[in-house]
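Below, each chain spelled out in residue letters.
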Amino acid sequence: MSETIDAFLKENRTFPPPTEFAKQAWVNNDDPYKRAEDNYEKFWEGFASELHWFKKWSKALEWKPPHAKWFVGGKLNISYNCLDRHLSAHKNKAALIWEGEPGETRTLTYYDLYREVNKFANVLKKFGVKRGDRVSIYLPMIPELPIAMLACTRIGATHSVVFSAFSAQALRDRNQDSQAKVLITADGYYRSGNVEKLKERADLALKESPSVKQVVIVKRMGNAVTMESGRDHWWHELMQEADDYCKPEEMDSEDPLYILYTSGSTGKPKGVLHTTGGYLTGVYATNKWVFDIKDNDTYWCTADIGWVTGHSYIVYGPLANGATSLMYEGSPDYPQKDRFWAIIEKHNVNIFYTAPTAIRTFMKWGAQWPEKRDMSSLRLLGSVGEPINPEAWIWYHETIGKGRCPVVDTWWQTETGSILITPLPGHTILKPGSATKPFPGIAAMVVDEHGKEVPPGTGGYLVITKPWPSMLRTIYGDPDRYVKQYWNKFGGKFYFTGDGAKRDKDGYFWLLGRIDDVINVSGHRISTMEVESALVEHDAVAEAAVVGKNHEIKGQAIVAFVTLGDGYKPSDQLKEGLREKVKEVIGPIAKPDAIIFSDDLPKTRSGKIMRRILQDLAEGRPVGDTTTLRDPGVVERIKQQL
Ligand code: PRX
């Protein structure tokens, strides 16, 4: 992974902010860094004061490591901040511009969105959803998804959005863990021109989701669905009858806002819990400064709202800023490989935020696709999800941005809620491949095993050393895991990110990827354990070990080493069966790229699987020390299968 740094040595150009950009930017000097350094609590209070509070907080921060409370005693409502607050100045401004995969467009002004959210909040109330209740949302990229989220915030319900491409089992597990009362889903959605039958998957999950009493279904496709009487209701029918005003609940700053499940290094996905005041302050501040968002901008983040990037930077950040946020339903290559560029041209997009894996795919498809389109409206580009290799950065900057647009490489996590390490585009001198420096008010460090800061150029663990407003507060239903997973490694002193990093002599951070058992496939976090347990659910599998392998487009690809049970023989058909099993348990993103059958796995004498060796084998590298193996011969036998 030090390839990134090595590549930088070859690609050592730096990119100062273009003068014109800097002139108009929210930030174009280091004053905010100084202010935040002087007093970070006061610094964050500045952003919080730009929001609407029913009651002001009495204390900025209460920090009892590892538990933080921000804006203590403050009362606010998220939907009020994202909608009502903008009605005087922006009633008829586009809040959401939505484009469906077949090409239709729906624009919702702030007033339209306000009305829909109020109505749906009343629908939820009618179903008995109260403050603090959980609501599962299993919707594709259609406007009803942000409407449902905001409606939850209006009445103080905690939403749990489940990525629409996840499997029925994944939904079932999340419904069970959160004990959701209501599920909101759709009949289906488009993906690359095909119909995905979402309700069928939801029905499977509902068989084992006893807490869910009511289901609301959006009619997106018109495909046939089974409706269970008394439980299932059509969205459009409920909305016809709903009142169009719902008084916003006055939530405590520390009341739960949402749960979002993400992969950790052990066990089942964990429900990262975010709260109200701090989260909104974090996404509001970063969306404003990192994307330099202005009143006239059309801003497009290509993530799916099923992931944290969509929560923070399609929904809450842009709407808290009164901005225009674009949402696209479908695939980047439908009907042709220039769809993204066609959308930029059609909607005059100014700010574009995507992932390195997408950029590498576009590079492979070739410059002829973007070149057909007029993208002169673009003024800023962003990247998120994994380290961006300098070559992809330069391509993005030259081919998409025509050398005119700063590129903000933003590092953050589901747990951090908002961007923590990032350039500020009107101020920071960019180095391709580096996420540059912590956002003002954020304190990050690279440390060794003992928590001691390492010298410049040395790799180590990335830690965050001070609390920040949008940090996760706990793991839903498992407070011990919160402490263990993120704080115990360095004795409760630092938040442990799970990422490796280096800092260069200018203090720039270079992210080096995960150092735990988490694989980052196309910017999506998948735990090796989750894939392994999906594989062993298959009757034929006795044992499985999963590692990540470098992949040109996806960043990392999944490789599974599998030992079969008695009576089963390796075959291509079985490989496909195993891949299908993983899809069924987790979803298509977790399907292994390669499955390697082996009569045994490399284990120590105590029976621990040596992943390091499997990693070497997967990468085709010379295998390191095998002397501690119970059966060193296994390595040769696996090699023969490769
Ligand atoms: O490894 C880091 C990588 O993505 C992880 C967080 O994944 P997730 O919670 O799914 O959130 C993704 C979107 C915020 C991190 O631990 N990561 C994210 N952004 C970057 C990154 N790695 C390097 N550079 C980035 N800009």
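Our subject is the structure that appears above.
Sequence order as written defines the numbering, with residues in each chain counted from 1. Reporting in this predicted model follows two pLDDT cut-offs: at least 70 for local features of residues, and 80 or more for side-chain atom pairs to be given and counted; totals over whole chains, interfaces and linings ignore these cut-offs and use all residues. Side-chain descriptors were evaluated using all non-hydrogen atoms of the structure, hydrogens and water having been removed beforehand.

Two strands form a pair only when DSSP identifies at least two bridges running between them. Helix and strand labels come from DSSP, where a helix needs a run of H or I of at least four residues and a strand needs a run of E of at least two; each type is numbered from the N terminus. In spatial order, the strands read 5-4-17-16-18-19-20; together these seven strands make up an open sheet with mixed pairing. Two strands bound the open sheet, and with one partner strand each, they are strand 5 (105-109) and strand 20 (407-410). Taking the axes of each pair of neighbouring strands and ignoring which way they run, one obtains an average angle of 20 degrees across the sheet. Sheet topology places strand 16 (residues 298-301) next to strand 17 (residues 324-328); three bridges connect them, and they run parallel. Paired with Thr 298 across the two strands is Thr 324, which belongs to strand 17. Here, residues are in contact when the closest pair of their heavy atoms is within 4.5 Å. Note on geometry: axes are C-alpha line fits, over the in-contact stretch for helices, and angles between N-to-C directions span 0 to 180 degrees. Where helix 7 (residues 110-126) meets the sheet, it contacts strand 4 (94-99) and strand 5, and its direction lies at approximately 85 degrees from that of strand 5.

Definition of nearness: a residue and a molecule or strand are near each other if at least one heavy atom of the residue lies within 4 Å of the molecule or strand. Taken together, 17 residues sit near the ligand, with Asp 409, Thr 410, Thr 414, Asp 499 and Arg 525 positioned nearest. In protein, a polar contact requires one atom able to donate a hydrogen and another able to accept it; more generally it is a pair of N or O atoms within 3.5 Å, and residues adjacent in sequence count only if both atoms are side-chain atoms. A distance of 2.9 Å separates an oxygen atom of the ligand from a polar atom in the side chain of Gln 413. Note that an oxygen atom of the ligand is positioned 2.6 Å from one of the side-chain N or O atoms of Thr 414. Mapped onto the shell around the ligand, the elements with two or more residues apiece are helix 13 (308-320), strand 20 and strand 25 (509-514). Any residue outside Ala, Val, Leu, Ile, Met, Phe, Trp, Tyr, Cys, Pro, Asp, Glu, Lys and Arg is labelled polar, Gly included; the first ten of those are nonpolar and the last four are charged. Each residue belonging to the shell around the ligand can be placed in one class, and the counts come to six nonpolar, six polar and five charged.

Looking now at the packing of helix 19 (residues 528-536) against helix 20 (residues 572-585). Pairs of packed helices are described in terms of their axes, by the angle between the two and the distance that separates them. Interhelical geometry of helix 19 versus helix 20 gives an angle of 120 degrees and a closest axis separation of 9 Å. When you trace helix 19 past helix 20, the crossing you get is right-handed. Here Val 531, Ala 534 and Leu 535 of helix 19 come into contact with helix 20, specifically with Leu 578, Lys 581, Val 582 and Val 585. Crossings are assigned a handedness: left-handed for a near helix turned anticlockwise from the far helix by less than a right angle, right-handed for a clockwise turn.

Moving on: helix 17 (residues 390-400). In an α-helix, one full turn covers 3.6 residues, which means residues spaced three or four apart are oriented alike. Note on exposure labels: buried denotes an accessible area under 20% of the residue type's maximum, exposed denotes more than 50%, and partly exposed covers the range between, all computed with a 1.4 Å probe on protein chains only. Burial analysis of helix 17 places nine of its 11 residues in the buried class, the great majority of the element. The complete set of buried residues in helix 17 reads Pro 390, Ala 392, Trp 393, Ile 394, Trp 395, Tyr 396, His 397, Thr 399 and Ile 400. Trailing helix 17 by a residue or two, Lys 402 shows a phi angle of about 50 degrees, which is positive.

Turning our eyes to something else, we now look at the packing of aromatic side chains. Aromatic rings from Phe, Tyr and Trp, with only the six-membered ring used for Trp, were paired whenever their centres fell within 6.5 Å, and each pair was classed as stacked if the ring planes differed by under 30 degrees, edge-to-face if by over 60, and tilted otherwise. Per the counting criterion, the structure on display carries 49 aromatic pairs. Note on Trp 63 and Trp 487: the rings are 5.7 Å apart at their centroids and 55 degrees apart in plane angle, and the pair reads as tilted. In this pair, Trp 63 is assigned in strand 1 (residues 59-64) and Trp 487 in the loop between helix 18 (479-486) and strand 24 (495-503), connecting sequence segments 424 residues apart. Each residue in the set Trp 300, Tyr 328, Phe 340, Trp 341, Phe 352, Phe 362, Trp 365 and Tyr 396 is aromatic and connected to the rest through ring pairs, giving one cluster. The ring of Tyr 508 carries the charged tip of Lys 431 above its face, separated from the ring centre by 4.4 Å. One Lys or Arg, Lys 489, reaches over the ring of Phe 496 and ends 5.6 Å from the middle of that ring. Think of it as a cone above the ring: NZ of Lys or CZ of Arg counts as a charge over the ring if it is within 6 Å of the ring centre and within 35 degrees of the ring normal.

Bringing unusual backbone geometry into the picture now. Backbone torsion omega between Pro 65 and Pro 66 reads 0 degrees, so that peptide bond is classified as cis. Going from Tyr 334 to Pro 335, the amide bond is cis rather than trans, its omega being -5 degrees. Within the fold, Pro 335 resides in the loop between strand 17 and helix 14 (339-347). In the Ramachandran plot, Asp 292 falls in the positive-phi region, its phi being about 45 degrees despite a non-glycine side chain. Structurally, Asp 292 is set in the loop between helix 12 (277-290) and strand 16. Asp 292 sits in the buried class, given a relative accessible area of 1%. Even without being glycine, Asn 348 reaches a positive phi, approximately 60 degrees.

Moving on: the packing of helix 9 (residues 168-178) against helix 10 (residues 198-206). Contact geometry for helix 9 and helix 10: axes closest at 8 Å, N-to-C directions at 45 degrees. When the interaxial angle is binned, helix 9 and helix 10 end up oblique. Our pair here, helix 9 against helix 10, has a crossing hand that is right-handed. In this structure, helix 9 contributes Ala 168, Leu 171 and Arg 172 to the contact, and helix 10 contributes Arg 201, Ala 202, Leu 204 and Ala 205. Partitioned by chemical class, the residues of the contact of helix 9 with helix 10 number five nonpolar, no polar and two charged. For classification, angles of less than 35 degrees are called roughly parallel, those exceeding 145 degrees roughly antiparallel, those between 65 and 115 degrees roughly perpendicular, and all remaining angles oblique.

Residues Phe 120, Ile 184 and Tyr 316 are the most contacted members of the largest nonpolar core, which totals 157 residues. Non-local contacts of Tyr 316, meaning those with residues more than four positions away in its chain, are made with Ile 78, Cys 82, Met 149, Leu 150, Thr 153, His 159, Leu 257, Tyr 258, Tyr 279, Leu 280, Val 283 and His 311. Ranked by size, the runner-up nonpolar core spans 30 residues in total, among them Tyr 328, Ile 343, Cys 405 and Val 407. By nonpolar core we mean a set of buried residues, namely Ala, Val, Leu, Ile, Met, Phe, Trp, Tyr and Cys, connected to one another through side-chain atoms within 4.5 Å.

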